[in-house]
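Take a look at the letters that make up each chain.
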Amino acid sequence: MSGSAPRTVSVSRVDGRLKVTGAARYAADQPVDRVAHGYLLLSTVARGTVRAMDVAAAERAPGVLAVFTPFRPVELHGTGNPFSVGHRWLPLQDTEVRYYGQVIGLVVAETFEQARDAAALVRAEYDAHPPAASLPDGIPGATDPGPIMGEPARLEFLAPGVESIEAALAASEVTLSGRYTQPIKHHCAMEPHAATAEWQDDGLTLYTGTQSATLTVGAVAAALGVAPTQVRVVSPHVGGGFGNKIATWAHPLLAAAAARVLGRPVKVVLTREQTFTVTGHRSGLAQTVTLGARRDGTLVAVRHEAYATQSASGGTFEAAAHTTSRYLYRAENIHLDQRIVTLDIPPPTWMRAPGQESGSFALETALDELAVELGIDPVTLRLRNDATVYPGRNVPWSSKHLAECYEVGARRFGWDRRDPVPRSTIDGDWLVGTGVATANYPGERFPASVRIRFRADGTVGVDSATADLGTGMWTVLAVLGAESLGLPVDRIRPDLGDSTLAPNIGAFGSGATASTGPAVAAAARAAIAELVRVAVTHEDSPLYGVPAEEIDYDHGRLVAPGVRIGFPALLGAVGLDTVEATGSAGPGPDHGRYAFTSFGAHFCEVRVNRWTGEPRVSRITTVIDAGAIINATTARSQIVGGVIFGIGQALLEGSRLEPATGRIANANLADYLLPVNADVPPIDVHFLDHPDTLFNPLGARGIGEIGTVGVAAAIGNAVYHATGRRVRDLPITLDKLLD
Amino acid sequence: MRPFAYAAARSLPQALEQVGADSAYLAGGTTLVDLMKLEVLTPRRVVDINGLPLRGVWVDRDGLHLGALERMSDVAAHQLVADGYPLLSQALCQSASAQLRNMASIGGNLLQRVRCGYYRDTASPCNRREPGTGCPAVHGENRGHAILGTSDSCVATHPSDLAVALVALDASVRLVRRGGATRAVRLADFYRLPGDTPHLEHDLRPGELITRVTVPPLAWARRSTYLKIRDRRSYEFALASAAVALDLAGGRIRDVRVAVGGVGTRPWRLPAVEAALRGRPLRVEVAEAAAERAVDGARPLSQNGFKTTLVRRVIVRALMRVAG
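Just so it is clear, the structure is predicted and the values come from calculations on it, not from any experiment. As a convention, each chain's residues are numbered from 1 in the sequence order in which they are written. Here chains are named by letter from A upward and ligands by number from 1 upward, in the order in which they appear as written. The model is predicted, so local features are restricted to residues of pLDDT at least 70 and side-chain atom pairs to those at 80 or more, both for listing and for counting; the totals for chains, interfaces and linings are taken over all residues. Note that water and hydrogens are dropped before the side-chain values are worked out from all heavy atoms of the structure.

### What to know about the interface of chain B and chain A
Basically, it comes down to this: Note on contacts: a residue pair is in contact if any heavy atoms of the two residues lie within 4.5 Å. Accessible area, probed at 1.4 Å, shrinks when two parts are joined; the buried area is that loss added up over both. Whenever Lys or Arg places a side-chain nitrogen within 4 Å of a carboxyl oxygen from Asp or Glu, that contact is recorded as a salt bridge. Any N or O atom pair separated by 3.5 Å or less is treated as a polar contact, with the protein-specific requirement of one donor-capable and one acceptor-capable atom, and with residues adjacent in sequence counted only for side-chain atom pairs.
At the junction of the two partners, chain B supplies 30 residues and chain A supplies 32 residues. For the pair chain B and chain A, the summed buried surface comes to about 2,900 Å²; carbon and sulfur atoms form 53% of the total. For chain B, the biggest contributors to the area lost against chain A are Arg232, Arg233 and Arg317 of chain B; these three give 25% of the whole. Run the count over chain B and chain A and you get 5 salt bridges. A salt bridge links aspartate 671 of chain A to arginine 115 of chain B, with the shortest nitrogen-to-oxygen separation between them at 3.3 Å. For the pair chain B and chain A, the number of links is 19 residue pairs in polar contact (both at pLDDT 80 or more).

Structure, rendered in C-alpha cells:
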C-alpha cells in the first residue's frame, strides 16, 4: 500500500458482541483451576509504622490459607516501580505507613468471601503521626519537581529587551489574574483492578487489566526476581484505564508472590473502595494564571503558576502549565512555574490528559475573563492569538487547524446568536449561558510492532501486544489489517493484550493507534513479501521459480502472468498452515522539525436554576482536529467519553481528602459523584479531516484524551455567561451559585 | 461479613417468633446486606420476611394503604398512588436507582440507615454505630449533613425521600409484635431526634415489624409534588428536598402541607411554614416569606451552610410548581 492515509470507515466494535453477552473475559473472569482468593488489608492511619498485627483469629477463620503482613511478608525484590508513575516501594517489605489506605497485608483463602471476612478479624496497631494532607497548607513549602518533559519546571520566554515577566505584565494595557483550584480526582474505571497469578514450573502467567502488558512484565519480573521471559501478562479486555492501569500497583505483585509461596494460583480483586488508595489518582491543584494583553486582545504576557499535589511515596503529578500555556497561544512573553506539594497521600498517576485537563481549566477560564474584560467575543480572542509556530522552539506545526475548529463549531452550535451580556437569557426558571474553550493534546508516537499471519483457512491474524481499554483497538487492528491487505474486515482476526504478541509498549498518551497503525502497514508489506517468497521458492507452488518482482499482491491473491492464486490455496498447495511476518514502525526523521499537536474547540450550553442554583449542561458541540480518523464509530465514542469525563470534572467530581486524617472520605461510587446518563446532554461531535502525514503514514494523531481537555472551562464559562458568577473552584456545585 | 443464621419465615407469627436479640429482618436487603458486608451491621440471625403476606396497595375509608413488602418501583407506578398522591410517586421515583427500587421494600425504605460516611466506615468513630466514640462529622466532612434536629452526638441526615412525603401527608405505620398485638404510630413521631442517643433511631420495639403504611384521606393531595435537589440528576441523596401538597381555592391557599428532606436528622414537617401560607394568596413573595420559617433553629456546620438558603428555595420552587 502507498503512504497515503486510509479512508475513514464506520465499523461497530468487533469485540462488541463478546462484551454485551458477557463472554469477554476481564482479569477477574479468567477461569483458573484451584485458584485461591486474596483480600488486601489497608492501613487506617496515614503516617507512621505498623507496631503489631494480630492475625490469630484470621488464620483460624474458615478457609484461610495464609495471612501475609510486614511481619510475615512475601518475598519481593527491588525498590518499587521502575516506572515513575507508580509507587517507589514494595508492599509488605517494611512496617512504614505512608498514607491512609496503604496495603499492609494480604489474606488468602479458598473463597473471596472467606478472605474478606477473615481480613475483618485482623487487628493492626500503629505508631501514628499527624499526616500532611492539605494542599493549601503545603503551598508555602512547595518544591521544584525537576524537569518536565525535558524542560525546566520554571520556564520563561521573554521578548527582546523585556527584563522579566513582571515587567511584561506591568507594561500591558490590560492585566488580569485568577486563581483556579480543583480537587484530587480518581479514574473510577468501571472494571476494578484485579490480578490472577498462576505459576507453571518457573513461568508465571498473570491475568491483569493493564494498558501495557510490556511494562507490567518488566515490573513484575523485577519485583519477583525472575527473568522477563518467565512472565506472561494476559489482558485481552480492559474495562477502562484512563491512565490508572499503566503503573503496576501492589495487587499483581502480591498475587504473584503469594501464588509462588502457596503453590497454587491466587486472584486478588480490589473492592471499589480499595481502588481509591491502592491505585492512582489525579493531583489536586491550585493555579494562578495572569494575562497581559493589549486592548485589541493581543496577548502580550502569559504567566501560569501551578501547585500540584504529589505523594511522598512516589507517583507522578499533574504538570498543568507545561502542557497548556507552554504553546497554546502566541504571546511574546511566557512564564511557566510548576511546583509540587508533597503530601502523605497515595501516589498520583497519569489520568486522561494529565496536565491539559487542569491546565486548560485555568488558562481557558482566564481567557474568558479577559474576553469579558475587553468586550471581545471569546472565539475572536482565541483566533487573534492563535499560535502559528511552537513558542520558544520556532518550529511549525505539522498540521494545525484550530481556527477551522472554531469556525465550524460556531456554525454548528449557532454561536452567532449569542448575546454576550451575562444573565441575558432566561428560559422559565433557568438561566441559560454558553461558553467555549480550546482543547489540545500532543500527537504521541512510540515504536511498535505488528505480526501478520496468513492462515490456510482464509483468515489473517493481525496481532500486537497493545491494549484495548474500551478504546476500540480490537476494531482498529481489524480495520487497518483489512485496509492494508485489501480484505474484508470479517476475514481479519485481531489479537492484542498479551505480552507474547508482537512487541508494543501499550495504550497510553493517546498513542496506540498512531503507533500501532503504521506498524500494521509495515507488517502487511513484510507479510506479503514473505508470501511471495514462499510462493516462488516452494516446489509445490504454482508460482515456483517466477521472479518475485513479477508477482503482484491483489486483495489476498498473488497474481503473475497466467497465474492468479489466493493465499489459502497457495498455503494448501505448499502444505503450510501459516505464513507470517512482523513489521515495525516508529517516529520518523521529521520528528524534530515539526510540532505535533491535536486541537479542538468545545461549545457548550448550560442552564442554571435561578432558585436552587444547580447547573445542568444542555448541549455541547465539539470539533476535533486530530488528523485522519480511522473508524468514525469508535472515534466518536472516544470524544463523547472525553466530554462526559469533562462534565464530571466541571460539575461533580472530587475526592474529599480529610486534612486531619489523610483519609479519602468519599471512596465509593455513591459519594464520589460521576456523571450518570441523566447528566449527559446531546453531544455533537465533528472531526475535521486533515490527515497529518508528516506525523505518520496514517495521518492520524490519536483521540483518547483530547475530548476531555477544555470541557470544564467551556462549562464554567457558560455558567458565568448564564449567571454572571465566575466560579474558579471545581467542581462547580450549586452551593457556589446560590445568590 | 460475619457469619449469621438465616431463616425464611413462612407466616407472620413465625417471623415474630424467630426474631430475637441480635436479629434482623430481611426484606429487599438493599440496606441490610450492604451494611453487613461493611460489618457496620452484624446480626447473628437474619429472618427473611419476603414470603409474608404484607403486600398490596389499596384505598378504603381510612385512606391509602401500602403493604410493607411492596417494592418501591411497584408503589411508584401504582395508579392509586400516582393519581391520588403524586408526591409519593415522585419521591419514590427520585430515590436510589431503578435497580434498587425494584428490590427495596416500603417498610425497609422507612428504616434505611443514614448515609454518613463515618457511620459506614468501621475504622472511624461514630456515636450512632458505637455509642460514645464521638462524631467526626461535626468538624469533618459534613456537606451533606443536617442543619435541623442535630446534636453534638450526631448530625447525620435522614436519608429517605419517601418518609418526607409521608410525613407531609400525616401517614402512620402499623406495627405488630410477638403475640399479635398491633399499634399505629404517626410517622412524624416514629423517628427520634439523635440527642445523646443517636443509636436509637426510631420507636420500634425489639422484634416489632412494620406491616403497612397508611396515608389518611386527603383529596387535595392530587395537587402535590416532591422536588429533590442534588448535585447530579439521578442516583444521589437529596441536598434538600420538599414535599408539598396544596389546597388552592381561587388563588388563595386554603390548606397546605410542607415537609423537607436532606436537611433534618429526621423527615422534617414544617407547621410554621404551613401556618404562614394558610389563608394567603399564592405568590412568590408569600412563599418566600413563609419559607423563612423553614430554618428556625437551624445549626449549619462548616460545609453545609448553603442548605439554609437552599431549603427555602426548594420550598418556594415546589410551591410555585404545584400552583402550576
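### Some thoughts on the domain arrangement of chain B
Quick note on the threshold: Domain delimitation in this document rests on an assignment produced automatically or drawn from a domain database.
Under the domain assignment, chain B is made up of domain 1 (1–51) and domain 2 (221–323). Inter-centroid distance (C-alpha atoms) of domain 1 of chain B to domain 2 of chain B is 36 Å.

### A closer look at the sheet that holds strand S12 (residues 268–269) of chain B
Residue and element names in this part refer to chain B. Condition: Pairing between two strands requires that DSSP report at least two bridges joining them. A run of H or I in DSSP becomes a helix once it reaches four residues, and a run of E becomes a strand once it reaches two; helices and strands are each numbered from the N terminus. Fitted lines through C-alpha atoms serve as axes, helices being fitted only where they are in contact, and the angles separating the N-to-C directions of these axes extend from 0 to 180 degrees.
Across the sheet, which stays open at both edges, the 4 strands sit in the order S9-S10-S11-S12 with antiparallel pairing between neighbours. The sheet terminates laterally at strand S9 (224–229) and S12, the two strands that pair on one side only. The sheet contact formed by S9 and strand S10 (residues 240–249) spans 6 bridges and is antiparallel. When the bridges of S10 are listed, serine 224 appears paired with alanine 245. Along the sheet, helix H5 (residues 86–93) contacts S9 and S10; its crossing angle with S9, the most-contacted strand, is approximately 25 degrees. Across the face of the sheet, helix H9 (residues 161–168) comes into contact with S9, S10, strand S11 (252–261) and S12 while running at roughly 150 degrees to S11.

### Description of the packing of aromatic side chains
Residues and elements named next belong to chain A. Quick note on the threshold: The pairing test for Phe, Tyr and Trp rings, Trp by its six-membered ring, is centres within 6.5 Å, and the orientation test on the planes gives stacked under 30 degrees, edge-to-face over 60, and tilted for anything in between. The buried label goes to any residue with under 20% of its type's maximum accessible area, the exposed label to any with over 50%, and the partly exposed label to all in between, with areas taken from a 1.4 Å probe on protein chains only. Here, a charge over a ring is recorded when the distance from Lys NZ or Arg CZ to the ring centre is within 6 Å and its angle to the ring normal is within 35 degrees.
A complete count under the given rule lists 20 aromatic pairs over all chains for this structure. Residues phenylalanine 446 and phenylalanine 508 carry aromatic rings whose centres are separated by 5.4 Å and whose planes lie at 50 degrees to one another, so their mutual orientation is tilted. Residue phenylalanine 446 is found in the loop between strand S17 (430–442) and strand S18 (448–455), and its partner phenylalanine 508 is found in the loop between strand S20 (492–495) and helix H13 (512–537); the two are separated by 62 residues along the sequence. What makes phenylalanine 446 buried here is its relative accessible area of 18%. In this structure phenylalanine 508 comes out as buried when scored by relative accessible area, which is 12%. Through a chain of ring-to-ring contacts, the aromatic side chains of Tyr327, Tyr390, Trp397 and Phe599 assemble into a single cluster. Against the face of tyrosine 390 rests arginine 393, its NZ or CZ located 4.3 Å from the ring centre.

### Some points on the domain arrangement of chain A
Residue and element names in this part refer to chain A. Per the domain assignment, the segments making up chain A are domain 1 (16–22 + 446–586), domain 2 (32–130 + 190–240 + 245–278) and domain 3 (154–162 + 282–444 + 592–736). Spacing between the C-alpha centres of domain 2 and domain 3 amounts to 37 Å. With 18 residues of domain 2 at the interface, the matching set in domain 3 holds 21 residues. Interface area for domain 2 against domain 3, summed over the two sides, is near 1,600 Å², with a carbon-plus-sulfur share of 67%. Per-residue buried area on domain 2 facing domain 3 is highest for Val85, Tyr100 and Phe276; these three make up 34% of the total on that side. Joining domain 2 to domain 3, the criterion identifies 1 salt bridge. Note that arginine 47 and aspartate 344 form a salt bridge whose closest N and O atoms lie 3.3 Å from each other. Summed over the shared surface of domain 2 and domain 3, the result is 4 residue pairs in polar contact (both at pLDDT 80 or more).

### What about the environment of proline 86 of chain B?
All names here are of chain B. When you line up the elements, proline 86 lands in helix H5. As for proline 86 and glycine 264, which are separated by 178 residues in sequence, their C-alpha atoms are 23 Å apart. In this structure, proline 86 is in contact with Val81, Ala221, Arg222 and Ser224, ignoring residues within four places of it in sequence.

### Regarding the sheet that holds strand S3 (residues 45–48) of chain B
All names here are of chain B. A sheet is described by the order of its strands in space; here 3 strands give the open sequence S1-S3-S2, paired in parallel fashion. Each edge of the open sheet carries a strand with a single partner, namely strand S1 (5–8) and strand S2 (23–26). Put simply, the sheet's adjacent strands are angled 20 degrees from each other on average, direction ignored. Taken together, the 4 bridges between S2 and S3 define a ladder with parallel strand orientation.

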